[in-house]
Amino acid sequence: AVGLNETMAAHREIANCNKCAQWADMAIAQIFLANGNDLRQQPGLHGWKMQKKQFVAALQGEPLMYHYIQSERQQLFLHGLFTGTLKELPPSNTTQCIPFGGRQHCAQYDKASDFPWAPDGKRALAMIREMGQEP
């Protein structure tokens, strides 16, 4: 698919990974683009950390995958959201609620990064820098 033998493809992947802080998905995308392939957004596949407003909007479709879900708390939030097991909690500084399936789903965590969306006002790159993975 990329027009390279396995060794060349591996070397290009490693070279591209070294340019983008070891984000392998970005590195392979560069190989595809360099070989004239198109990259298209597929409905329901979310390959970036969204802000809360975008995350809520994405729930209106048929969400299939959220990329960069890295912590157990993020995974538990998504599991609770899609199984309906997140509890109703009173609003607080550490409580976040989102509408889904006709009700408010809430979780309370210590850090904003425990939720599966970027903290308000932060973009994915800012979150990467915050995690100490400066590209």
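Now for a description of the structure that goes with this document. All of these numbers come straight from a predicted model, not from anything done at the bench. (Residues numbered from 1 in each chain as written. Predicted model: local features only at pLDDT ≥ 70, side-chain atom pairs only at ≥ 80, totals over all residues. Heavy atoms only, no water.)

Right, let's get into helix 1 (residues 6-19). Relative to the 20 Å expected for 14 residues at 1.5 Å per residue, helix 1 spans 20 Å between its end C-alpha atoms, a close match to the ideal helical length. Among all positions in helix 1, only Ala9, Glu13, Asn16 and Cys17 are buried. With its buried residues spanning 105° around the axis, helix 1 presents them on a single face. With respect to the buried face of helix 1, the exposed residues turned more than 90 degrees away are Thr7, His11, Ile14, Asn18 and Lys19. Tucked inside the fold, the buried residues of helix 1 contact helix 2 (24-34). With a side-chain oxygen lying 3.0 Å from the backbone nitrogen of Thr7, the N-terminal cap of helix 1 falls on Asn5. Ala21 sits one or two residues past helix 1 and shows a positive phi near 55°. (Helix = DSSP H or I, 4+ residues; strand = E, 2+ residues; numbered from the N terminus. Expected span 1.5 Å × (residues − 1). Buried < 20%, exposed > 50% of the residue type's maximum accessible area, 1.4 Å probe, protein only. Arc of directions from axis to C-beta. Contact = heavy atoms within 4.5 Å. Polar contact = N/O pair within 3.5 Å; in protein donor to acceptor, adjacent residues only side chain to side chain.)

Quick look at the layout of surface pockets now. The calculated volume of the largest pocket comes to roughly 340 Å³. When contributions to the lining of the largest pocket are tallied by element, the ones reaching two or more residues are helix 2 and strand 1 (45-46). Considered class by class, the residues forming the lining of the largest pocket number five nonpolar, five polar and two charged. (1 Å grid on protein atoms, 1.4 Å probe; cavity = no way out; pocket = protein on both sides within 12 Å on 5 of 7 lines; lining within 4 Å. Points joined across faces, edges and corners; volume = space filled by probe spheres on them. Nonpolar A, V, L, I, M, F, W, Y, C, P; charged D, E, K, R; others polar.)

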